[in-house]
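Listed below, chain by chain, are the residues.
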Amino acid sequence: MSVTTAPLHLAAEIGGPPRYDPGHYTGLARLAERGALDFVTLGDSFARPGPDALAVLSRVAPATDRIGLVPTVTTTHTEPFHVSSAVATLDWVSRGRAGWLVDVSTTGAEARLFGRRPAAPADALWREAGETADVSARLWDSWEDDAEIRDVATGRFVDRDRLHHVDFEGEFFSVRGPAIVPRPPQGHPVVVVDGTAGPAAHTAARHADVVLVRATAPERAAALRADLRRRAEAYGRDPRTLRVLVALTVDLGDAETAPEPGLDSGPPLAAGGSYYRGGPVDLAELIIRWHRGGAADGFHLTPITPGRDLERIVNCTVALLQHRGLFRTFHPGGTLREHLGLARPANRYALEGGRA
Amino acid sequence: MSRTPRRMHLAAHFPGVNNTTVWSDPRSGSQIDFSSFTHLARTAERGLFDFFFLAEGLRLREHNGRIHDLDVVGRPESLTVLAALAAVTDRLGLAATVSTTFNEPFELARRLATLDHLSAGRAAWNVVTSSDAFTGENFRRGGYLDRADRYTRAAEFVATARELWDSWTPDGEPRPFAHRGRHFGIEGEFTVPRSPQGHPVVIQAGDSPEGRAFAASAADVVFTRHSTLAAGRAFYADVKGRLAAYGREPDALKIMPGVTVVLGDSDAEARERAAGIRLQQVSPQGALLALEQVWGRDLSSYDPDGPLPDIDPDPGATLARGRVTHGDPLETAARWRALSKEKGLSIRQTVVEATGRQSFIGSPETVAAALTEFVAEDAADGFILVPHLTPGGLDDFVDRVVPLLQERGAFRTEYAGPTLRSHLGLAAPDR
């Protein structure tokens, strides 16, 4: 396997047993920020107790400075236009640190919360999620960056030639546009998908900037990563614009103590056994081994016990990586794309108009 | 004989898509940067305002088939920006306008309850209905609702949201809910426990008979357009008079008109400023557009400094899309013609005068007296201030008028409690 000195990217989930007090989440995000992590995620599902994740991270935004903020937003029972507006707004309130973890609602119980028919099969749900990501990108481009002109002579606040109807007609919905939110600071907030398998992998290859993959061995992770990059290329994307992170659930507690009660209502344990139990130092060694071998561009860690484990990750695992010069000690850039080494996308309508 | 004036309520509106923000003024800041929203919210909190208020925009307006480019546009999504404002404020209520037409009760109730938790009990929801197919082109549901259904859906939507907000047990456990109604048939478990206010505050802004009935039955606050004394008193009496039929006390519903304030060191200076603002708000191009919205015809060849058109309006035309229309075009045109003839006004001057809604103009003392009188005369319980400059447009009001209101005993000198309901003097609803 090739040796790589590519930058290492790290992210952490800050959700757990349901909490509704903002201080809890702000504390965890700040902790992750002290560790110079690329971003935090916050899971969200209509199927279990918990607050609206995007609102929580918006609340966290003014109390943080650099760390990326990536809430889960499901697409099955939401309006694509609202999803696009909300994620764009998170990018504005965080000054360019927003991302969006795309997920679907698979159960009939969730469908009944909206008075809808039984849930569609997974591949339909993920095609729909892909369309939501697609139309969101178009809506984020529907305002060119310099659409606002404030031209006193002609009385025009905006230049209408730099605002575009997206006229999206998909299998599941249509959206006319333009957006009501100006183009976000990052151009496009970062799209994250758990693309380990199945229809989600298609959606990830086509639309995601960051793909989470669950794997029990570095060879498997490397294979998934190579496959995703191939698929992305088949969709006309430059595979180097993908970041593939291995998703691990981590338990850094002593073997004797059980995880916190109420865990079944927190984020589900990653399937396929990508569950690390051990000490924070050994976790650092695992990360180094897998990353150096080219298995992944980084890791997304879901602590079993958020407060305790995140502290150990930041104070021990990350500290070790930093000490070895393998992970940043501060965020040189201000946006999530900069942390991930991803370019700000050009505006497709400006490109078409020869203006980008 | 003097009496202790009734204490008024105050709110700050960061205007959405509008034609009253004077964006050409160098003091006019960004309409989208979070720092602008922080500035206005913190100013309002410094002034001990009850709440901060955002409108909703779901589709850019179009005129003559093209995107309308003269007005301020470009808005953050309201609930998301309010969640962020919860981090930089401590007591100020946070109110979002959200449509019941293009949302579903479970999801919206969840977002509102979340905001209430994240702000320790300061969330409010201005319930609006949108019924047009134009806006619907951005949404899965389209614009299929006819006008009558708008309000029945909204009423059932609010009732359903309240059921969801009450669905957890007092001990903080989820409890299954089921709602079967004409518009919604939903069941399951809500994901959020009862929030600090019990229910977020419900605001309503409709003026029609159905709107007023809806307000009287279901709302905590009414946001009205009636900002003159006479119109205010009539509206106030009408809506308050409807409360008893729903078993509600007069104090259970606060009536707050949207108003503008122009201050000056003297009344004369304020009037001069106000006139200047009107000219800045109505550009020559804007005047023609306003005319076209009434006339329903292309009037681009007319001179804004010239007379009104001789031709009649086309009442069936739909030149302007995405704009709420008020009144009958033929009647409006007749009124504008009469005004123009009476005062010898050009197109632009007519639009300036006919569409101006400046409410309180004067020195701080004059304005404080007028606001106090308005409330004393039962024309309002308070006011939603709409500055023409954002984000700094309420700085002066907070610095110079609020202290005078406080001196008169007409406004609070501190926040007595932590929640928006406590500022508004509203009890938490029973389960």
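Data block above holds the structure.
Because the structure is predicted, anything quoted here is derived from the model rather than measured. (Residues numbered from 1 in each chain as written. Chains lettered and ligands numbered in written order. Predicted model: local features only at pLDDT ≥ 70, side-chain atom pairs only at ≥ 80, totals over all residues. Heavy atoms only, no water.)

Colleague: Quick one: what's the story with the side chain of A:Asn347, residue by residue and with numbers?
Modeller: All names here are of chain A. Tracing the backbone shows Asn347 in the loop between helix H10 (336–340) and helix H11 (348–352). Under the relative-accessibility criterion, Asn347 is labelled buried at 4%. At 2.8 Å, the side chain of Asn347 and the backbone oxygen of Asp141 are in polar contact. Within the structure, Asn347 has its side chain in polar contact with the backbone nitrogen of Tyr349 (distance 2.9 Å). (Helix = DSSP H or I, 4+ residues; strand = E, 2+ residues; numbered from the N terminus. Buried < 20%, exposed > 50% of the residue type's maximum accessible area, 1.4 Å probe, protein only. Polar contact = N/O pair within 3.5 Å; in protein donor to acceptor, adjacent residues only side chain to side chain.)

Colleague: Help me get a handle on the sheet that holds strand S4 (residues 66–67) of chain B, residues and values and all.
Modeller: All names here are of chain B. Strand order in this open sheet of three strands is S4-S3-S13, and the pairing throughout is antiparallel. Whereas interior strands pair on both sides, the edge strands pair on one side only; in this sheet they are S4 and strand S13 (320–321). With two bridges joining them, strand S3 (residues 62–63) and S13 adopt antiparallel strand pairing. Considered in S13, the bridge of Glu62 is made with Arg321. (Pairing = 2+ DSSP bridges.)

Colleague: Kindly report on the sheet that holds strand S6 (residues 123–128) of chain B, identifying the contributing residues and their values.
Modeller: All names here are of chain B. Strand order in the closed barrel formed by eight strands is S1-S2-S5-S6-S9-S10-S11-S15, with parallel pairing between adjacent strands. Direction aside, the axes of adjacent strands within the sheet are offset by 30° on average. Relative to strand S15 (residues 382–385), strand S1 (residues 9–14) runs parallel, the two being bridged by four bridges. Bridge pairing in S15 links His9 to Gly382. Helix H6 (residues 209–218) rests against S6, strand S9 (201–204) and strand S10 (221–224) of the sheet, and its axis sits at about 165° to S9. (Axes fitted to C-alpha atoms, helices over the stretch in contact; angles between N-to-C directions. Contact = heavy atoms within 4.5 Å.)

Colleague: Can you lay out helix H9 (residues 284–295) of chain B for me, pointing to particular residues and giving the numbers?
Modeller: Residue and element names in this part refer to chain B. Counted at 1.5 Å a residue, the expected span for H9 with its 12 residues is 16 Å, and the 16 Å between its end C-alpha atoms agrees. Listed in full, the buried residues belonging to H9 are Ala287, Leu288, Leu289, Ala290, Leu291, Glu292, Val294 and Trp295. Remark: Gly296 follows H9 within two positions and exhibits a positive phi of approximately 65°. (Expected span 1.5 Å × (residues − 1).)

Colleague: Talk me through the pairing of S10(B); I want residue IDs and the actual numbers.
Modeller: Residue and element names in this part refer to chain B. Here S10 shows a buried face lined by Val221 and Phe223 and a second buried face lined by Val222 and Thr224. Each parallel crossover has a hand, and for S9 linked through H6 to S10 it is right-handed. Regarding the hand of the β-α-β motif, the stretch spanning S10, helix H7 (residues 229–241) and strand S11 (residues 254–259) is right-handed. (Right-handed = clockwise from strand over helix to strand, strands pointing away.)

Colleague: Would you mind going over the packing of aromatic side chains in detail, with residue names and values included?
Modeller: According to the stated counting rule, one finds 22 aromatic pairs over all chains in the structure shown. Ring geometry for B:Phe51 against B:Phe53: centres 6.5 Å apart, planes inclined by 65°, an arrangement best described as edge-to-face. Of the two residues examined, B:Phe51 and B:Phe53, each falls in the buried class. On the basis of an interplanar angle of 85° and a centroid distance of 5.6 Å, the ring pair of B:Phe157 and B:Phe184 is categorised as edge-to-face. Here B:Phe184 lies in the loop between strand S7 (177–180) and strand S8 (185–188) and B:Phe157 lies in helix H5 (residues 147–165), a separation of 27 residues in the sequence. Look at B:Phe184 and you get buried, because its relative accessible area is 3%. An aromatic cluster is built from A:Phe46, A:Phe114, B:Phe106, B:Phe177 and B:Phe190, whose rings are joined through pairwise contacts. (Phe/Tyr/Trp six-rings, centres within 6.5 Å; stacked < 30°, edge-to-face > 60°.)

Colleague: Describe in detail the interface of chain A and chain B, supporting the description with residues and values.
Modeller: Taken together, the contact between chain A and chain B spans 62 residues of the former and 60 residues of the latter. Buried surface at the junction of chain A and chain B, summed over both partners, amounts to about 5200 Å²; 60% is from carbon and sulfur atoms. For A:Glu128, the salt bridge is made with B:Arg140, and the minimal N-O distance between the two is 2.9 Å. At the junction of chain A and chain B, the tally comes to 30 residue pairs in polar contact (both at pLDDT 80 or more). Counting residues per element, the side of chain A that touches chain B draws most heavily on helix H3 (residues 80–93) of chain A, at nine residues. Per-class residue counts for the side of chain A that touches chain B are 32 nonpolar, 16 polar and 14 charged. (Buried area = accessible area lost by both parts, 1.4 Å probe. Salt bridge = Lys/Arg side-chain N within 4 Å of Asp/Glu carboxyl O. Nonpolar A, V, L, I, M, F, W, Y, C, P; charged D, E, K, R; others polar.)

Colleague: Pulling in residues and values, what's your account of the side chain of A:Glu79?
Modeller: By secondary structure assignment, the location of A:Glu79 is in the loop between strand S3 (68–74) and H3. Engagement of the side chain of A:Glu79 in a polar contact is seen with the backbone nitrogen of B:Arg140, the distance being 2.9 Å. In contact with A:Glu79, other than residues within four places in its own chain, are B:Phe102, B:Phe139, B:Arg140 and B:Arg141.

Colleague: Explain the pattern of salt bridges to me, and be specific about the residues and the numbers.
Modeller: All names here are of chain A. Applying the stated rule across the entire model yields 57 salt bridges over all chains. We note a salt bridge from Asp309 to Arg308, for which the minimum N-O separation is 2.9 Å. On the basis of relative accessible area, Asp309 is assigned to the buried category, the value being 0%. Among the residues examined, Arg308 registers a relative accessible area of 23% and is labelled partly exposed.

Colleague: Mind laying out helix H2 (residues 53–60) of chain A, listing which residues take part and the relevant values?
Modeller: Across the eight residues of H2(A), eight count as buried, placing the element largely inside the fold. Residues A:Ala53, A:Leu54, A:Ala55, A:Val56, A:Leu57, A:Ser58, A:Arg59 and A:Val60 constitute the buried set of H2(A). Packing partners of the buried residues in H2(A) comprise helix H1 (22–34), strand S2 (39–42), S3 and H3 of chain A together with helix H2 (78–88) and helix H3 (105–118) of chain B.

Colleague: An account of the packing of H2(A) against H3(A) is requested, with residue identities and associated values reported.
Modeller: Residue and element names in this part refer to chain A. Remark: H2 packs on H3, axes separated minimally by 9 Å, with the N-to-C direction vectors making an angle of 10°. Taken together, the axes of H2 and H3 lie roughly parallel to each other. The handedness of the crossing between H2 and H3 is left-handed. Of the residues in H3, those in contact with Leu54, Leu57 and Ser58 of H2 are Ala86, Val87, Leu90 and Val93. The residue makeup of the contact of H2 with H3, split by class, is six nonpolar, one polar and no charged. (Parallel < 35°, antiparallel > 145°, perpendicular 65-115°, else oblique. Left-handed = near helix turned anticlockwise from the far one by under 90°.)

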